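Chain residues, written in single-letter form:
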Amino acid sequence: MVEKKILLLGSGFVAGPCAEYLLRRPENRLTIASRRVANAAAFVAKLRSANKINAVAISLDVSDEAALNAAVEKHDIIISLIPYTQHALVFKSALKFKKHVVTTSYISPVMEEFNESAKAAGITFLNEIGLDPGIDHLYAVKTIKEVHDNGGKITSFLSYCGGLPAPEASNNPLGYKFSWSSRGVLLALRNSAKFIEGGKVVEIPGEKLMTAAKPIYIYPAFAFVGYPNRDSTPYDKRYLIPEAQNVVRGTLRYQGFPEFVKSLVQIGFLSDTSLDWLAPSVQPLPWKVITSRALGVQTTSEQDLINVILSKTGLEGDEASRIINGLRWLIGLFSNEPAIHRGTLLDTLCATLEEKMQYGPGERDMVMLQHKFGVELADGKKQTRTSTGLWFGVPGGDSAMATTVGVPCAIATQMILDEKIKQRGVLAPLSADLVYPLIEAIEAEGIIMEEAIL
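Residues numbered from 1 in each chain as written. Predicted model: local features only at pLDDT ≥ 70, side-chain atom pairs only at ≥ 80, totals over all residues. Heavy atoms only, no water.

Chemist: Give a detailed account of the pattern of salt bridges, specifying residues and quantitative values.
Modeler: Per the counting criterion, the structure on display carries 22 salt bridges. Across the pair Lys 142 and Glu 451 runs a salt bridge, and its minimum N-O distance is 2.9 Å. Of the two residues, Lys 142 sits in helix H7 (residues 135–149) while Glu 451 sits in strand S16 (residues 450–453), which places them 309 residues apart along the sequence. For Lys 142, a relative accessible area of 14% corresponds to the buried category. Asp 236 is paired through a salt bridge with Lys 237; the nearest N and O atoms lie 3.9 Å apart. Looking at Asp 236, the relative accessible area reads 14%, which means it is buried. Counted as one network, the salt bridges with shared partners bring together Lys 142, Glu 146, Arg 385 and Glu 451. (Salt bridge = Lys/Arg side-chain N within 4 Å of Asp/Glu carboxyl O. Helix = DSSP H or I, 4+ residues; strand = E, 2+ residues; numbered from the N terminus. Buried < 20%, exposed > 50% of the residue type's maximum accessible area, 1.4 Å probe, protein only.)

Chemist: Give me unusual backbone geometry: which residues, what numbers.
Modeler: At the junction of Asp 132 and Pro 133, the peptide bond is cis and its omega measures out at 15° in the coordinates. Tracing the chain through its elements places Pro 133 in the loop between strand S6 (124–126) and H7. Although it is not a glycine, Lys 98 adopts a positive phi angle of roughly 55°. On the secondary structure map, Lys 98 appears in the loop between helix H4 (87–97) and strand S5 (100–103). Non-glycine residue Glu 419 carries a positive phi angle of around 60°. With respect to the helices and strands, the residue Glu 419 is situated in the loop between helix H15 (400–417) and strand S15 (425–427).

Chemist: Give me the packing of aromatic side chains: which residues, what numbers.
Modeler: Across all of its chains, the model carries 11 aromatic pairs by this definition. When the centroid spacing of 6.1 Å and the interplanar angle of 40° are considered together, the rings of Phe 269 and Trp 287 count as tilted. Remark: Trp 287 occurs in helix H11 (residues 287–295) and Phe 269 occurs in the loop between helix H10 (257–266) and H11; sequence separation between them is 18 residues. Within the aromatic cluster, the residues linked to one another by ring pairs are Phe 157, Tyr 235, Tyr 239 and Phe 373. Here Arg 249 stacks its cationic end above the ring of Tyr 235, 4.2 Å away from the centre of that ring. (Phe/Tyr/Trp six-rings, centres within 6.5 Å; stacked < 30°, edge-to-face > 60°. Lys NZ or Arg CZ within 6 Å of the ring centre and 35° of its normal.)

Chemist: Account for the nonpolar core, naming residues and giving values.
Modeler: In this structure, Leu 30, Leu 131, Ile 135, Tyr 239, Ile 241, Trp 391 and Leu 438 are the most contacted members of the largest nonpolar core, which totals 63 residues. When near neighbours in sequence (up to four residues on either side) are disregarded, Trp 391 contacts Leu 131, Ile 135, Asp 365, Met 366, Val 367, Leu 369, Ala 400, Thr 404, Gly 446, Ile 447, Ile 448 and Met 449. (Core = buried A, V, L, I, M, F, W, Y, C linked by side-chain atoms within 4.5 Å. Contact = heavy atoms within 4.5 Å.)

Chemist: Quick one: what's the story with the packing of H7 against helix H16 (residues 432–444), residue by residue and with numbers?
Modeler: Interhelical geometry of H7 versus H16 gives an angle of 120° and a closest axis separation of 9 Å. The angle between H7 and H16 falls in the class oblique. Two packed elements cross with a definite hand, and for H7 against H16 that hand is left-handed. For the pair formed by H7 and H16, the contact residues are Leu 138, Tyr 139, Val 141, Lys 142, Lys 145 and Glu 146 on the first element and Ala 432, Val 435, Tyr 436, Leu 438, Ile 439, Ile 442 and Glu 443 on the second. Per-class residue counts for the contact of H7 with H16 are nine nonpolar, no polar and four charged. (Axes fitted to C-alpha atoms, helices over the stretch in contact; angles between N-to-C directions. Parallel < 35°, antiparallel > 145°, perpendicular 65-115°, else oblique. Left-handed = near helix turned anticlockwise from the far one by under 90°. Nonpolar A, V, L, I, M, F, W, Y, C, P; charged D, E, K, R; others polar.)

Chemist: Can you break down the environment of Asn 51 residue by residue, with the values?
Modeler: With respect to the helices, strands and loops of the structure, Asn 51 is situated in the loop between helix H2 (37–49) and strand S3 (55–59). The exposure class of Asn 51 is exposed, given its relative accessible area of 68%. Distance in space between the C-alpha atoms of Asn 51 and Glu 20 is 9.9 Å, their sequence separation being 31 residues.

Chemist: Could you give an account of the sheet that holds S3, with specific residues and numbers?
Modeler: Reading across the sheet, the seven strands line up as S3-S2-S1-S4-S5-S6-S15 and stay open at both edges, with parallel pairing between neighbours. One side of each edge strand has no neighbouring strand; the edge strands of this open sheet are S3 and S15. Each adjacent strand pair in this sheet contributes to an overall mean axis angle of 20°, direction not counted. Pairing geometry for strand S1 (residues 4–9) and strand S2 (residues 28–34), over six bridges, is parallel. Bridged to Lys 5 within S2 is Arg 29. Strands S1, S2 and strand S4 (77–80) of the sheet are contacted by helix H1 (residues 15–22), whose axis makes an angle of about 175° with S1. Against the sheet, H2 engages S2 and S3, with an angle of about 175° to S3. (Pairing = 2+ DSSP bridges.)

Chemist: Just give me the short version of the environment of Ala 428, but keep the residues and values in it.
Modeler: Looking at the element boundaries, Ala 428 is found in the loop between S15 and H16. In this structure, the C-alpha to C-alpha distance between Ala 428 and Thr 104, residues 324 residues apart in sequence, is 9.5 Å. Ala 428 has contacts with Ile 107, Leu 126, Asn 127, Glu 128, Arg 238 and Leu 434, leaving out every residue within four places of it along the chain.

Here you go:
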């Protein structure tokens, strides 16, 4: 039995299912690297408590080139679950020592620049192999290939994915809870979006993104809404569907979420402009004072502040009551409660949301992913096809998000070690020779998308 040495960069929530899968194989030796060795050590202790003993912890700052090189040189493959902006550092080191790398991140232009040199070195830098991106690619490519192989066309491709609380845990005004950075979630809501509709590119500026949300009907039991996610326009090329007149990749949330977020935008609470009076060193201000200053008024009277918010947002009737009650409960905008200053309105808001919108004991998350394909068959007949995945987390165990990101990443890693993936360069799972083996292995783990023809 030949030992396989795996370096796992990052010990966040996705790392658990990834490590557990890889440690099923007795020949695998796993090194968990984190900037803070205590985090990696705690992670390893949890693995060992579950009889996963072939794991060790080290402290590693990937910005320290010498330290990164020393760690990379000792391993056969590197899994990079750190922020995508640092992947290029890992690629550079891996290229030097001719080591494979796996990430769950989108391929950035900087990462793409390593393609030819990775091919020349005979190594694989496989990316976009988590949930979204990852599982979404696999089932998109599968259905598109099936349609094309039978002489058909894809006239429309609509894909929506959301990581959400399970219905019984969606018990707050946003119907949302944070399993990762609240700042990252909220900043994403300010991104502009591009997609293809009716054969033309449509652009939506970030400040109007929530206005573009619309009901998405998947199962009758769920009241979903969806809005476009960043730039969908490359996907007619990436998925080889130039014939498609509609191409949208979007985000799912529960009903009511977009209107609440839109109100936060309108009253200025998603601003990341630095404000001296919100500096951490300043005596904490009551929320009603912060609200008053954010709205640009002198009064701190609750009713006066409500009137200003209603004027800025145009809210009326039951919707106005829902949003105002939500702001009162979620953030305490009109209260004497002192805020936790973090320098900006956005970050100060995040400090409160992180306290009130975490998963509680015994609560579980949920992942919903659906592709909807408009198809024209070779004989001219039209049909709609769907690929639908619904997964729930385990209370007290792994979340659905961690499993659907971490397990595909681990499977891809193992397939490279087993030489079942032999393609070289900077890759994403978009070709049939990658897609079908990955689907087979992922479905063996119970991660399955149900396919239907409507």
